[in-house]
Amino acid sequence: MSDTLKIIFGLFGGLAIFIFGMNMMSDCLQKAAGEKMKSILAVLTKNRILGVVAGALVTAVLQSSSATTVMAIGFVSAGLMTLPQAIPIILGANIGTTMTAQIIAFKITDYIYIFIFAGFIIAFITKNERIRNIGQTLFAFGLLFLGIETMGDVMKPLASSPVFTNLIGQVANIPILGVAVGTLMTLVVQSSSATIAVLQNFASQAGPDGVTSILGLAGAIPILLGDNIGTTITALLASIGQSRDAKCTAVAHTVFNVSGAVVFIWFVKPFAKFIQYISPKGAEVDVISRQIANAHTIFNITMTVIWVCLLGLLVKIVMKIIPDGKADEADLATPVYLDKNVIHQPAAALRLVAQEVLRCSDMVKAMLHDIGTVIQEENTQMLKSVRKYGEAVVAVDGEINDYIAELFSSGTLTEQQATQTARLLCVLSDVTRMGNLSADMADVLEESAERKYAFSADAQREIKEGLTQITGMYEESMGAMTRGDFAALADILRNNENILNLDVDMRQAHMQRVQEGKCKKELTAPFIKILNCIDRMGNNCVNLAEGAMDQMSFGYFIGEAKE
């Protein structure tokens, strides 16, 4: 194999190991963080400063500003946060992503295999999930640096190539060309952390004198600026087909990085001197990796401070860039919250799933209310609404199940998350059954209306009474899981006994009315079907109550009670 091919394959092989290690470390950190990720997500919308901090912390865990930005876009699209709330998250993400470059700047070449071996042993011998995730994180951390070391080894011959050094000289002397190179690199690799790692490694190669960098800090900074621009493409792609605010969130990320590059490109040399002044001293090839990391951090902190102070202006800019199109009418059968772009961030994905289940629950509540109105007012026009809601609940149920199946197959769930998600699926199953039974009841009422059979006033009163008790049990069960208040659940179990007794009493009363000629005998079958629906609904409400008593809480997924 020629030297050129060895360099190419070595560079891409090392890059592959680096990206694999970084992604593995991200997954393991998320699992190790577990419940902490929920706490971080819970403060995302508090205020702009907390938003910046939360964005930085989430990115430090995910090891990707793009992943955090995509998550913010998903939350905005789902209506869980507004554009002004999301932008500070993105600003913080740009600070958090500098953590990777800072870690890379540490010279731990002699300890790479210690990390890999120690991480492997910990993950291999322990049965505790949290400790195993920590071991896998150490293993991935070692792989990350092994990839860097591999890239560094194959880059060394390039430093002595006259053709290559002349090409690098042109990039170093023309800042705009450096920005273009950095942007293109990140567009191809889809990871600014990876391209900055390549930049740090390449800049650490010595020039002909063996002391100075082949690239120099002033030559590296424009490429660094381009890396920041290139990383915005992921967010822009994720916003396609999303709401206007979601598109604005992605554009805000682009405006942040492009505006920073436009400002800093005019001050490359003064900026480089400042970074050299505040960074460790020594031979350039030994300290330039840290200098690039510091430049990355200072750039993002500076631009974050500027744009946090000008948050209102940034919102106006992105709103101007993305015109206000005509909003499409919402389709009940289309999930509002589910976003497959965040499937690999389980804490965020489960939050969206929980919100979608609660939306299904709200539709079932509306169905129960409409059926009660139909019975009381004999307004059969409302049955169309019940049927529409019923079809939507079934459709969304399927979408949620597919989404959760994909979430499980991603392998990113912790054992606790998997357990709670299984409980959430049980809740969804009972909610969907409640919707199906409500639709069945609507069909019975419509059929009776078409045959011009009218229930007597006593029959209507009894059905309404049973439906009222079911509605109360259902709302109390869902409310307990939403608020985390389980004190009243015992009443639900007692109410189910009342439903069973009421069922027997209603059957006997109906037969008595038929015997006395107060009700048509043709109404017996529809009446019994309605009673069966009410009885089965009671069982579903009991299932929900028992799930709540088993500590199934939406607060686990959402982080705070929904009012």
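This one's a predicted model, so the numbers in the text were calculated from it and none came from an experiment.

(A) Quick look at the overall build of the protein chain. Along its length, the protein chain carries 24 helices and zero strands. Counting across all 563 residues of the protein chain, residues that qualify as buried make up 53%. Nonlocal contacts in the protein chain, meaning residues at least 24 apart in sequence, comprise 80% of its contacts between residues at least 6 apart. Of the roughly 24800 Å² that the protein chain leaves accessible, carbon and sulfur atoms contribute 61%.

(B) How the structure looks around helix H10 (residues 175–189). The end-to-end C-alpha distance of H10, which contains 15 residues, comes to 21 Å, matching closely the 21 Å that a straight helix rising 1.5 Å per residue would cover. The set of residues buried in H10 consists of Gly178, Val179, Gly182, Thr183 and Thr186. The buried side chains of H10 occupy one side of the element, clustering within an arc of 135° when seen end-on. Facing away from the buried side of H10, by more than 90 degrees, are the exposed residues Ile176, Leu184 and Val188. Just downstream of H10, Gln190 is the residue with a positive phi angle, here 65°.

(C) Structural detail: the environment of Ile134. Its place among the elements puts Ile134 in helix H8 (residues 129–155). Residues Ile134 and Ala33, spaced 101 residues apart in sequence, show a C-alpha to C-alpha distance of 9.5 Å.

(D) Main features of the environment of Glu522. Checked against the element boundaries, Glu522 lands in the loop between helix H22 (489–516) and helix H23 (524–549). Here the alpha-carbon distance between Glu522 and Ser448, two residues 74 residues apart in the chain, equals 9.2 Å.

(E) Representation of the nonpolar core within the structure. Counting 88 residues, the largest nonpolar core has Ile400, Val427, Tyr474, Met478 and Phe554 as its most contacted members. Looking at which element gives the most residues to this core, the answer is helix H18 (residues 346–377), with 17 residues. The residues touching Met478, leaving out its near neighbours within four places in the chain, are Leu358, Ser361, Val427, Val431, Leu544 and Phe554. Membership of the second largest hydrophobic core comes to 67 residues, among which are Ala203, Ile214, Phe264 and Ala295.

(F) Geometry of the packing of aromatic side chains. Overall, the coordinates contain six aromatic pairs when judged by the stated rule. Their ring planes at 75° and their centres at 4.9 Å tell us that Phe264 and Phe271 sit as a pair that is edge-to-face. Of the residues examined, Phe264 reaches a relative accessible area of 10% and is grouped as buried. With a centroid separation of 5.1 Å and an interplanar angle of 85°, the aromatic rings of Tyr556 and Phe557 are classed as edge-to-face.

(G) Region of the structure containing helix H5 (residues 83–96). Here H5 is 14 residues long and its end C-alpha atoms lie 20 Å apart, about the 20 Å a rise of 1.5 Å per residue gives. When you tally the buried positions in H5, you get 11 out of 14 residues, the bulk of the element. Of the positions making up H5, those classed as buried are Leu83, Ala86, Ile87, Pro88, Ile89, Ile90, Leu91, Gly92, Ala93, Asn94 and Gly96. On its buried side, H5 packs onto helix H3 (48–62), helix H4 (65–77), helix H6 (98–104), helix H14 (244–264), helix H16 (284–309) and helix H17 (311–321).

(H) The arrangement of the packing of H18 against helix H21 (residues 457–483) in detail. One can describe the packing of H18 onto H21 by two numbers: an axis separation of 10 Å at closest approach and a directional angle of 165°. In terms of orientation, H18 and H21 fall into the roughly antiparallel class. H21 is crossed by H18, and the crossing has left-handed handedness. Packed against H18, whose contacting residues are Leu358, Ser361, Val364, Lys365, Leu368, Ile371, Gly372, Thr373, Ile375 and Gln376, the element H21 presents Gln460, Ile463, Lys464, Leu467, Thr471, Tyr474, Glu475, Met478 and Thr482 at the interface.

Definitions and cut-offs
- Residues numbered from 1 in each chain as written.
- Predicted model: local features only at pLDDT ≥ 70, side-chain atom pairs only at ≥ 80, totals over all residues.
- Heavy atoms only, no water.
- Helix = DSSP H or I, 4+ residues; strand = E, 2+ residues; numbered from the N terminus.
- Buried < 20%, exposed > 50% of the residue type's maximum accessible area, 1.4 Å probe, protein only.
- Contact = heavy atoms within 4.5 Å.
- Areas by Shrake-Rupley, 256 points an atom, 1.4 Å probe, with all protein chains shown as cover.
- Expected span 1.5 Å × (residues − 1).
- Arc of directions from axis to C-beta.
- Core = buried A, V, L, I, M, F, W, Y, C linked by side-chain atoms within 4.5 Å.
- Phe/Tyr/Trp six-rings, centres within 6.5 Å; stacked < 30°, edge-to-face > 60°.
- Axes fitted to C-alpha atoms, helices over the stretch in contact; angles between N-to-C directions.
- Parallel < 35°, antiparallel > 145°, perpendicular 65-115°, else oblique.
- Left-handed = near helix turned anticlockwise from the far one by under 90°.

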